[in-house]
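# Notes for the structure review
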Amino acid sequence: MLTKIFFSDPVEHVIRAFCVFIVFTVYNNSCLHTFISLRLCIQFLINKCKKQIDLAISRQWIQVYSNRKRQRYLTWDQYFMAVALVSAERSKDPVTQVGACIVNTDNRIVGIGYNGMPNGCSDDDMPWGKNSKDILKTKKLYVCHAEMNAIVNKISADIRGCKMYVTLYPCNNCAKIIIQSGIKHVIYYDDKNRHKDEAKASQYMLGKAGITIRKYNSTSTQLNIGTLKSQL
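On a predicted model such as this, the values are computed, not experimentally measured, just so you know.

## Here we look at unusual backbone geometry
With phi around 60 degrees, Asn-107 is a residue other than glycine that occupies positive phi space. Mapping Asn-107 onto the fold places it in the loop between strand E1 (99-103) and strand E2 (109-114).

As structure tokens, then:
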């Protein structure tokens, strides 16, 4: 860790130059020249590297050698929404990728899902479009939504009272499944479909069932994985 702090790239170059000066002055066997060179090199080292050293000390030295916890860590909300966002990247849907994460009262993840075709139905054989006049040739009647998959994939026998983090506002069908499963809190990332009748019906049912639903509050923290670029 000391190596990382004091021998970052800019500092390493200065130290190498410093060593060259030492060898040069010793070789010339001049005490006066050695003293002057040492003074100049030390001053140069301080002027050029003070900011890097101070920054390293403040961010690494204190964290490693003090008893204080790290300050810049993810909140529970950020962590669980990040899991939902990363899960969405597993979706084969070319238009909308959605992920969901179910969390119990102990902040343990008990279910994860993303939108995709039912088990046994090849992703290569099923339709993924939505603009065909023939509804049977669109994805609408076939795709299992992320919320459904998270619930049926649960690793807990009972998810009553749990929270669900989902990247898109739930549709009416998913709202019914959420209600029936006993989930009591829904946190969503995007609400681009709130104007649709399906989302309005969802909001109505969730409200009647006493389920709290709120929009996720994004911060400046960046989540960049592959093509995924989101704010947590």
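What follows continues from the structure just given.
## Section: helix H4 (residues 76-88)
Compared with the 18 Å implied by 1.5 Å per residue over 13 residues, the 19 Å span of H4 between its first and last C-alpha is a close match. Along H4, the positions that sit buried rather than exposed are Gln-78, Phe-80, Met-81, Ala-82, Val-83, Ala-84, Leu-85, Ser-87 and Ala-88.

## Notes on the pattern of salt bridges
Counting across every chain of the model gives 4 salt bridges. Ionic pairing is found between Asp-77 and Arg-214, a salt bridge with its closest N-O pair at 2.8 Å. Taken together, the positions of Asp-77 in helix H4 and Arg-214 in strand E5 (residues 212-215) put the pair 137 residues apart, joining distant regions of the chain. For Arg-214, a relative accessible area of 36% translates into the label partly exposed.

## Some remarks on the confidence of the model for the protein chain
In this model, the protein chain carries an average pLDDT of 84, and 73% of its residues clear a pLDDT of 70 or more. Predicted confidence is poor over residues 1-8, with pLDDT under 50, and the contacts of this stretch with residues over four places away or in other chains come to 17 contacts.

## Observations regarding the pairing of strand E3 (residues 163-168)
Counting buried residues along E3, 5 of its 6 residues qualify, which places the element largely inside the surrounding structure. Both E3 and strand E4 (residues 185-190) contribute to a ladder of 5 bridges, which runs parallel. Its bridge partner lying in E4, Lys-163 is registered against His-185. Crossover E3 to E4 through helix H6 (residues 172-181) is right-handed.

## Comments concerning helix H7 (residues 197-208)
Across its 12 residues, H7 extends 17 Å between first and last C-alpha, which sits within 8% of the 16 Å expected from 1.5 Å per residue. Those residues of H7 that fall on the buried side of the exposure criterion are Ala-199, Ser-202 and Leu-206. Each buried residue of H7 sits inside an arc of 55 degrees when the element is viewed along its axis, so together they form one side. Opposite its buried face, H7 presents the exposed residues Asp-197, Tyr-204, Gly-207 and Lys-208, each directed more than 90 degrees away. Where H7 is buried, its residues meet H6 and E5. Once H7 finishes, Gly-210 follows within two positions and takes phi at roughly 75 degrees, a positive value.

## Details of a nonpolar patch on the surface
Among the surface-exposed residues, Leu-74, Trp-76 and Tyr-79 lie close enough to one another that they form a single nonpolar patch of about 310 Å² accessible area. Position of Tyr-79 among the secondary structure elements: in helix H4.

Quick notes on the rules
- Residues numbered from 1 in each chain as written.
- Predicted model: local features only at pLDDT ≥ 70, side-chain atom pairs only at ≥ 80, totals over all residues.
- Heavy atoms only, no water.
- Helix = DSSP H or I, 4+ residues; strand = E, 2+ residues; numbered from the N terminus.
- Expected span 1.5 Å × (residues − 1).
- Buried < 20%, exposed > 50% of the residue type's maximum accessible area, 1.4 Å probe, protein only.
- Salt bridge = Lys/Arg side-chain N within 4 Å of Asp/Glu carboxyl O.
- pLDDT = per-residue confidence, 0-100.
- Contact = heavy atoms within 4.5 Å.
- Pairing = 2+ DSSP bridges.
- Right-handed = clockwise from strand over helix to strand, strands pointing away.
- Arc of directions from axis to C-beta.
- Patch = residues over 30% accessible without salt bridge, like charges linked within 9 Å, V, L, I, M, F, W, Y side chains within 5 Å.
- Areas by Shrake-Rupley, 256 points an atom, 1.4 Å probe, with all protein chains shown as cover.

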